Amino acid sequence: MVFWRRKRQDSFSTSVLGLDKTIEELKAEEEKIEKEFSFRFARAIEKTRVSISEKLDSIFAGSKKIDETLLEELEEILISSDLGVSTTTHILESIRMKLSRGQINDLQALKTAIKEEIVHILQEASLSGVSNEESFDPKVKPYVIMVVGVNGVGKTTTIGKLAHRIKSEGNQVLICAADTFRAAANDQLKVWAERAGVSLIQQKQGTDPAAVLFDAIKSAKARNIDVLIVDTAGRLHNKSNLMAELEKMKRVAAREVEGAPHETLLVIDAVTGQNGLEQARKFLKTSNVTGIVLTKLDGTAKGGIAVSIAKELSLPIRYVGIGEKIDDLVIFDPYKYAENLFA
Amino acid sequence: MFEALSEKIKKSLGSLRAGRQLTAEQVDAALREIRIALLEADVSYKVARDFVERIRQKAEGQEIWKGLKPYEQVVKIVYDELVELMGGASSRLIFTRQIPNVVMIVGLQGSGKTTSTGKIALWLKNNQERNPVVVSTDVYRPAAREQLKIVAEAVKVPFYETDSNEPLEIARNAVRYCQQLGYDTLLIDTAGRLHIDEDLMVELEKIKAETKPIEILFVADAMTGQDAVRSAEEFHRRIGITGVILTKMDGDSRGGAALSIKAVTNQPIKFVGVGEKYDAIEPFYPDRIAQRILGMGDILTLIEEVQTKLDEEEAAKQLEKIRRSQFTLDDFREQMRQFNKLGSMSKIIDLLPEQFFGGIKPKKEDLEKIEYQMKRAAAIIDSMTRQERQNYKIIDASRKNRIAKGSGTTISEVNQLLRQYEKTLQMMSKMKRSGLLGQLTDKFMGRFGGGLPHAFPFESEDNQEDSKSFAKKLKKKKRHKKKR
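Predicted model only: the values in this text are computed from it and were never measured.

The rules behind the values
- Residues numbered from 1 in each chain as written.
- Chains lettered and ligands numbered in written order.
- Predicted model: local features only at pLDDT ≥ 70, side-chain atom pairs only at ≥ 80, totals over all residues.
- Heavy atoms only, no water.
- Helix = DSSP H or I, 4+ residues; strand = E, 2+ residues; numbered from the N terminus.
- Buried < 20%, exposed > 50% of the residue type's maximum accessible area, 1.4 Å probe, protein only.
- Areas by Shrake-Rupley, 256 points an atom, 1.4 Å probe, with all protein chains shown as cover.
- Contact = heavy atoms within 4.5 Å.
- Buried area = accessible area lost by both parts, 1.4 Å probe.
- Salt bridge = Lys/Arg side-chain N within 4 Å of Asp/Glu carboxyl O.
- Polar contact = N/O pair within 3.5 Å; in protein donor to acceptor, adjacent residues only side chain to side chain.
- Nonpolar A, V, L, I, M, F, W, Y, C, P; charged D, E, K, R; others polar.
- Expected span 1.5 Å × (residues − 1).
- Phe/Tyr/Trp six-rings, centres within 6.5 Å; stacked < 30°, edge-to-face > 60°.
- Lys NZ or Arg CZ within 6 Å of the ring centre and 35° of its normal.
- Pairing = 2+ DSSP bridges.
- Axes fitted to C-alpha atoms, helices over the stretch in contact; angles between N-to-C directions.
- pLDDT = per-residue confidence, 0-100.
- Parallel < 35°, antiparallel > 145°, perpendicular 65-115°, else oblique.
- 1 Å grid on protein atoms, 1.4 Å probe; cavity = no way out; pocket = protein on both sides within 12 Å on 5 of 7 lines; lining within 4 Å.
- Points joined across faces, edges and corners; volume = space filled by probe spheres on them.
- Left-handed = near helix turned anticlockwise from the far one by under 90°.

## Notes on the overall build of chain B
- Looking only at helices and strands, chain B has 21 helices and seven strands in total.
- By the burial criterion, 53% of the 484 residues in chain B qualify as buried.
- Carbon and sulfur atoms provide 51% of the accessible area of chain B, an area that totals close to 23,300 Å².

Here it is in structure tokens:
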């Protein structure tokens, strides 16, 4: 799987000409990368998988049939994964319906049914026509990605990883440090930019973020940059003045580059509870979020709130953070997510 | 989301409202809704289940309060249980004479450790007359130490800086630094990772063994979901936390995580972070979070309605609980401290109008005497153990003897102080019971986390009519009027 599908035109042509590799070789290479990432993705959420699967198995082994106890246990599992009451109820209702129709007879079928239900929710969301790098004319430069979210979810880290992955596929990337609020935010971003080998546009703490963004866009144009990633200050979504600041940044971006920001990624921490839905709702309203990045999925939290967000707001989950290293950001795969949850 | 949920609960309670008698089905329906409310507030599944079960038991074996409608009883049980579940402990940090007193700040990534460290340093400086130094042992996250340094500068608290990149060494050197320069408190901002990280846990254990902290505060994000229990449990199991700081409570999350964490670790929530500014930190009040988790103004008015309807005996019991959980000897001492901050007593009294004292201003000699006694009272409280300060009832003859010796006072002075404290408690409950004044003090106390003393700790007994008998007289008068 290619991480970033919009290639820089000149580098794209050389690889298409097959100067160095054959199509087969390229395909094999891609497959290899994909394998590695899916392995790491699976490993990252493995801890979760084992415990859930074993728990269900042991209950089923006791009663030998799908009864209320088992369904209750299922409810606990889904709620404990932060899917929330409404999504959980939705899933369980469809399970009960299938049970009454005799479509589910054993534990394996039950697991499959839940898995399908979750995949269905996630796919529905990603099909709902939200933009990605392929939906814009490659001639529009720079492609502006704004990264937003509440405090402490891992925005800066995500940006570092994102910059690294996009750059490693042959694009010119620039980072705009528009978090002028948090102490030492710039320093942290600088370290990530250095790791990714990407330039950074920053100004001193307290500067108007929109002004920093304006500078960054000017600079990106001058340097013929392909992708501009904008870090924003973490803000609680119920602070209207800070949300207004985001709107201003959006206006500045739109004025300078056609269609910008082309993508607005909302970063959600996997440990977030039901409030995540409210966060997404507010950010969607003020800054037109186009997708979710689910971070810290390598912990014990299962990030079920992302499923709820996908269901309620039709927002696709685009990337997943699965570790602290620079390439620990992978494309979200609904099927694998569900599969690894209920293997 | 909130509105929809609030509607649901209101409806379920509304259906209870109709009947004069509560049926089992009605209780069941209400409990189901309450369970959902808890889960939507991110209370852990298990904690919510146990909680609802306890309420069911209480509701079934319920003595009937006079004047309360059945549905009101259910609401009251829920509210009481919530407060009970979260309350009980004083939110103050208890310090010893050791130099420095070390406070470790631990927690997951992004929970707000560094900001909280700065906030607590400022709070200690301003409210507890401490002289804190902050240090960061987070050598992993890029710019973590720079962040704390900037925070420290902003709150004007010294930041311990070192070239070392070894957490244990940094902690050790920071302790030494405090000893050499006489700083009485050291706040250690530790690295945050995911709790399943063995290396971090080992590192924290080592720092703990090395610095012997008096407090280990676990920082939890109010927006945390079901994972809150897992992480808190793990941190508690490995390093033994002594309290919780709940951050980002200025968001619109209902902070059900607080309930779960308290339930699984049995450690009190000591502070809540309520904003981005460095003074936006408050001691924790169980009743407020209970209201927030239930989440609705309507429920709140309902509860208030219920509370006022309770018969007096019940109210006294209730107040006894509030009193016991909220006004300990520590608070008593804190009030004295704050009062002292205002300046010498004679100066304050000069500023007050004559009418304030019933026309007779106290003499300077008397004031000096009171001041002297206040100092002795402070010494007595300072000589008590933490348990004694939290529950004065355990102070027996042998403890009194020890306290007297420790503070250089006499046993009779210790007795006098305890009597005085008890009297203050009674007065507080009276003030709470009496409408407007009660509300005012509640607000005042709430806002300033202590406020001014309600009474001087030592007053000459003969001068002052015993407040209890005075209240009795008042009641008699009222009855008398009614009869007429």
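Right, picking up where we left off after that structure.
## A few points about the interface of chain B and chain A
- Listed as interface residues are 35 residues of chain B and, on the opposing side, 46 residues of chain A.
- For the pair chain B and chain A, the two sides together bury roughly 3,400 Å², of which 56% comes from carbon and sulfur.
- Applying the counting criterion to the chain B and chain A interface returns three salt bridges.
- The salt bridge involving Lys46(B) is made with Glu76(A); its shortest N-O contact spans 2.9 Å.
- Linking chain B to chain A there are 12 residue pairs in polar contact (both at pLDDT 80 or more).
- Secondary structure elements with two or more residues in the side of chain B that touches chain A: helix H2 (24–40), helix H3 (45–60), helix H6 (144–155) and helix H9 (227–239) of chain B.
- Its residues placed into classes, the side of chain B that touches chain A shows 12 nonpolar, nine polar and 14 charged.

## Things to note about helix H7 (residues 167–181) of chain B
All names here are of chain B.
- The first and last C-alpha atoms of H7 sit 21 Å apart over 15 residues, in line with the 21 Å expected at 1.5 Å per residue.
- Buried within H7 are the following residues: Pro167, Leu168, Ile170, Ala171, Asn173, Ala174, Val175 and Cys178.
- Those residues of H7 that are buried are in contact with strand E1 (101–107), strand E2 (132–136), H6, strand E3 (185–189) and helix H8 (198–211).
- Taken from the residues just after H7, Gly182 is the one with a positive phi, measuring 75°.

## Regarding the packing of aromatic side chains
- What the rule picks out here adds up to six aromatic pairs over all chains.
- Here Phe332(A) and Tyr337(A) contribute two aromatic rings whose centre-to-centre distance is 5.4 Å and whose plane-to-plane angle is 55°, an arrangement assigned as tilted.
- Relative to Tyr421(B), the ring of Tyr392(B) has its centre 5.0 Å away and its plane inclined at 85°; by these criteria the two rings are edge-to-face. Here the residue Tyr392(B) occupies a position in the loop between helix H17 (386–390) and helix H18 (397–407), and Tyr421(B) occupies one in helix H19 (residues 411–433), the gap between them amounting to 29 residues.
- Overall, the relative accessible area of 2% leaves Tyr421(B) in the buried class.
- A connected cluster of aromatic rings, assembled from ring pairs, spans Tyr160(B), Tyr177(B) and Tyr183(B).
- Looking at Arg195(A), its charged tip hangs above the ring of Trp192(A), at a distance of 4.6 Å from the centre.

## Describing the sheet that holds strand E5 (residues 243–247) of chain B
All names here are of chain B.
- Read across the open sheet, the seven strands follow the order E2-E3-E1-E4-E5-E6-E7; overall the sheet is mixed. Strand pairing shows two members of the sheet lacking a second neighbour, E2 and strand E7 (281–283), which therefore form its edges. With strand direction ignored, the average angle separating the axes of adjacent strands in the sheet is 25°.
- The pairing of strand E4 (residues 215–221) with E5 spans five bridges and is parallel. Looking at the pairing, Phe218 lines up with Val244 of E5.

## Brief notes about the sheet that holds strand E2 (residues 173–178) of chain A
All names here are of chain A.
- Read across the open sheet, the eight strands follow the order E3-E2-E4-E1-E5-E6-E7-E8; overall the sheet is mixed. One side of each edge strand has no neighbouring strand; the edge strands of this open sheet are strand E3 (199–201) and strand E8 (329–331). Averaged over neighbouring strand pairs, the angle between their axes works out to 25° when direction is ignored.
- Relative to strand E6 (residues 291–295), strand E5 (residues 263–269) is paired through five bridges, and the arrangement is parallel. Considered in E6, the bridge of Leu265 is made with Gly291.

## Looking at the confidence of the model for chain A
- The share of residues in chain A with pLDDT of 70 or more is 83%, and the mean pLDDT across the chain is 82.
- Here residues 8–19 of chain A is modelled with pLDDT under 50, and outside its nearest four sequence neighbours on either side it reaches 11 contacts, counting other chains as well.

## Thoughts on the packing of helix H4 (residues 68–80) of chain A against H3(B)
- It is the contact of H4(A) with H3(B), at a shortest axis distance of 9 Å, that shows an interaxial angle of 125°. Overall, the two elements H4(A) and H3(B) adopt an arrangement that is oblique. Each of Glu72(A), Glu75(A), Glu76(A), Ile79(A) and Ser80(A) in H4(A) lies in contact with H3(B), whose residues at this interface are Tyr45(B), Lys46(B) and Arg49(B).
- Of the residues that constitute the contact of H4(A) with H3(B), the class distribution is two nonpolar, one polar and five charged.

## Re the environment of Leu228(A)
Residue and element names in this part refer to chain A.
- Summarising the element assignment, Leu228 is placed in strand E4 (residues 227–232).
- Residue Leu228 is classed as buried on the basis of its relative accessible area, which comes to 0%.
- Dropping the residues within four chain positions of it, Leu228 is found in contact with Pro142, Tyr143, Val144, Ile145, Leu174, Ile175, Cys176, Leu213, Ala216 and Ile217.

## Observations regarding the pattern of salt bridges
- Counted according to the given criterion, the structure contains 28 salt bridges over all chains.
- Close ionic contact of Glu68(A) with Arg96(A) constitutes a salt bridge, the shortest N to O distance being 3.2 Å. Within this pair, whereas Glu68(A) is found in helix H4, its partner Arg96(A) is found in helix H5 (residues 84–100), the two being separated by 28 residues in sequence.
- Residue class for Glu68(A) comes out partly exposed when judged on its relative accessible area of 47%.
- One salt bridge in this structure joins Arg318(A) and Glu263(A), with 2.5 Å as the shortest N-O distance. Here Arg318(A) is found in strand E7 (residues 317–321), whereas its partner Glu263(A) is found in strand E5, with 55 residues between them in sequence. Across the pair, exposure class does not vary: Arg318(A) and Glu263(A) are buried alike.
- Because the salt bridges share partners, they merge into one network encompassing Glu76(A), Lys46(B) and Arg49(B).

## Examining empty space enclosed by the protein
Residues and elements named next belong to chain B.
- Considering all chains together, one arrives at nine cavities of 30 Å³ or more under this definition.
- What the largest cavity holds in volume is close to 190 Å³.
- The leading source of residues in the lining of the largest cavity is E4, at four residues.
- In terms of residue class, the lining of the largest cavity is built from 10 nonpolar, nine polar and four charged.

## With respect to the confidence of the model for chain B
Residues and elements named next belong to chain B.
- Of the residues in chain B, 64% reach a pLDDT of 70 or more, and the chain-wide mean stands at 74.
- Long-range and interchain partners of residues 435–471, a stretch whose pLDDT sits below 50, account for 61 contacts in this model, where long-range means more than four residues apart.
- Taken over the whole predicted complex, pTM reads 0.67, whereas the ipTM for its chain interfaces reads 0.76.

## A closer look at the packing of helix H6 (residues 107–126) of chain A against helix H12 (residues 305–313) of chain A
Residues and elements named next belong to chain A.
- Closest axis-to-axis distance for the H6/H12 pair is 8 Å, and the angle between their directions is 55°. As the angle between them shows, H6 and H12 are arranged oblique. Where H6 crosses over H12, the two elements pack in a sense that is left-handed. For the pair formed by H6 and H12, the contact residues are Ile118, Ile121, Leu122 and Ala125 on the first element and Val307, Ala310 and Lys311 on the second.
- Class assignment of the residues belonging to the contact of H6 with H12 gives a composition of six nonpolar, no polar and one charged.

## Side note on the pairing of strand E1 (residues 143–148) of chain A
Residue and element names in this part refer to chain A.
- Counting buried positions along E1 yields six of six residues, so the element is predominantly enclosed.
- Alternating residues of E1 divide into Tyr143, Ile145 and Val147 and Val144, Met146 and Val148, and every residue in both groups is buried.
- Alignment of E1 against E4, held across five bridges, turns out to be parallel. Residue pairing in the sheet places Met146 in a bridge with Val230 of E4.
- For E1 and E5, the ladder comprises four bridges, and the chain directions are parallel. Note on E5: the bridge partner recorded for Met146 is Thr264.

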